[in-house]
Amino acid sequence: MGVHGNGLTHLLWMNTQNPRSTVIEFFYPGGFAEDYEFTSRALGIKHYGVWDDQVFTSPDIPPVAYPDGFQGNEIPLSESIIISRQEWG
């Protein structure tokens, strides 16, 4: 679980044998880069993208986009969306 960035590269060492292995990636709303979504899927790890209070996963992923704020230090995140999700993993 983390904001889009190089720290998510650690998913390469996740246990791919566990069907609950999951990557949850936070994006600036409207932004998306497929780096870790593609890598997760290639390794058989479930990937969820989060925009503040919206969640998406393959095959319904947004197009690649880098809006103003994508590389910024302020990424909104609704804590209730993280706490209330029952299907993570």
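Look above for the structure.
Residues numbered from 1 in each chain as written. Predicted model: local features only at pLDDT ≥ 70, side-chain atom pairs only at ≥ 80, totals over all residues. Heavy atoms only, no water.

A.B. asks: Run through the pairing of strand β2 (residues 22–27), naming residues and quoting values.
C.D. replies: Most of β2 sits inside the fold, with six of its six residues counted as buried. Side chains of β2 alternate between two faces, with T22, I24 and F26 and V23, E25 and F27 buried alike. Judged from the two bridges that link them, strand β1 (residues 2–3) and β2 form a sheet pairing that is parallel. Bridge pairing links V3 to F26 in β2. Here six bridges tie β2 to strand β3 (residues 46–51), and the two strands are oriented parallel to one another. Along β3, the bridge assignment pairs V23 with H47. At this point the chain moves from β2, through helix α1 (residues 35–43), to the parallel β3, and the crossover so formed is right-handed. (Buried < 20%, exposed > 50% of the residue type's maximum accessible area, 1.4 Å probe, protein only. Helix = DSSP H or I, 4+ residues; strand = E, 2+ residues; numbered from the N terminus. Pairing = 2+ DSSP bridges. Right-handed = clockwise from strand over helix to strand, strands pointing away.)

A.B. asks: I'd like to hear about the sheet that holds strand β4 (residues 54–56), residue by residue, with values.
C.D. replies: Reading across from one edge, β1-β2-β3-β4 is the order of the four strands in this open sheet, with mixed pairing throughout. Here the strands that pair on one side only, and so sit at the sheet edges, are β1 and β4. Sheet topology places β3 next to β4; three bridges connect them, and they run antiparallel. Directly across from G49, in β4, lies its bridge partner F56.

A.B. asks: Describe in detail unusual backbone geometry, supporting the description with residues and values.
C.D. replies: The step from S58 to P59 runs through a cis peptide bond, and the omega angle for that step is 10°. A positive phi is found at D52, a non-glycine position, where the angle reads about 50°. You can see D52 is positioned in the loop between β3 and β4.

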